[in-house]
Amino acid sequence: QVQVVESGGGLVQPGGSLRLSCAASGRAFSINVMGWYRQAPGKQRELVATITSGGNTNYADSVKGRFTISRDDAKNTAYLQLNSLKPEDTAVYYCKVNYHGILRDYWGQGTQVTVSS
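Residues numbered from 1 in each chain as written. Predicted model: local features only at pLDDT ≥ 70, side-chain atom pairs only at ≥ 80, totals over all residues. Heavy atoms only, no water.

**Considering the sheet that holds strand β7 (residues 67-72)**
If you trace the 4 strands from one edge of the open sheet to the other, you get β1-β3-β8-β7, paired in antiparallel fashion. Pairing within the sheet leaves two strands with one partner each, and these edge strands are β1 (3-7) and β7. Neighbour-to-neighbour, the strand axes of the sheet open up by a mean angle of 15°, direction not taken into account. Where β7 meets strand β8 (residues 77-82), 6 bridges bridge the pair, whose relative direction is antiparallel. Bridging across to β8, Thr68 finds its partner in Gln81. (Pairing = 2+ DSSP bridges. Helix = DSSP H or I, 4+ residues; strand = E, 2+ residues; numbered from the N terminus. Axes fitted to C-alpha atoms, helices over the stretch in contact; angles between N-to-C directions.)

What follows is the structure in structure tokens.
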């Protein structure tokens, strides 16, 4: 049974930083793409950033230059460094994991990020 667990969310002031982690377990296959998505109240879930097994990254325009995605394949873990946070970054952040050779994606339960003074 695959498990995807996010952690690291919290309350931070505007301009502050957080580091989110996403740990995947339960599958013998190697991980292909890992991604972070977010969903604010009343809005659709949106892409934040993705990283491939080859290290290629992709970011939403709204977070470019502020957020950095990385991964540690030895730990089956992805990270999202959030800097220069703004109130509009407030959302539940979800991690999505895709494995090589497996058609479906696996999602975590989400971690809340709140940016407020």
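**Regarding the state of the cysteines**
Note on terminology: a disulfide is the covalent bond linking the sulfur atoms of two cysteines. Evaluated as defined, the whole model comprises 1 disulfide. Across the disulfide, Cys22 is cross-linked to Cys95 (sulfur-sulfur distance 2.0 Å). On the S-S bond that ties Cys22 to Cys95, the torsion sits near -75°, and the link is left-handed. Here Cys22 is found in strand β3 (residues 18-25), whereas its partner Cys95 is found in strand β9 (residues 91-99), with 73 residues between them in sequence. Accessibility expressed as a relative area gives 0% for Cys95, which makes it buried. (Disulfide = S-S within 2.5 Å. Buried < 20%, exposed > 50% of the residue type's maximum accessible area, 1.4 Å probe, protein only.)

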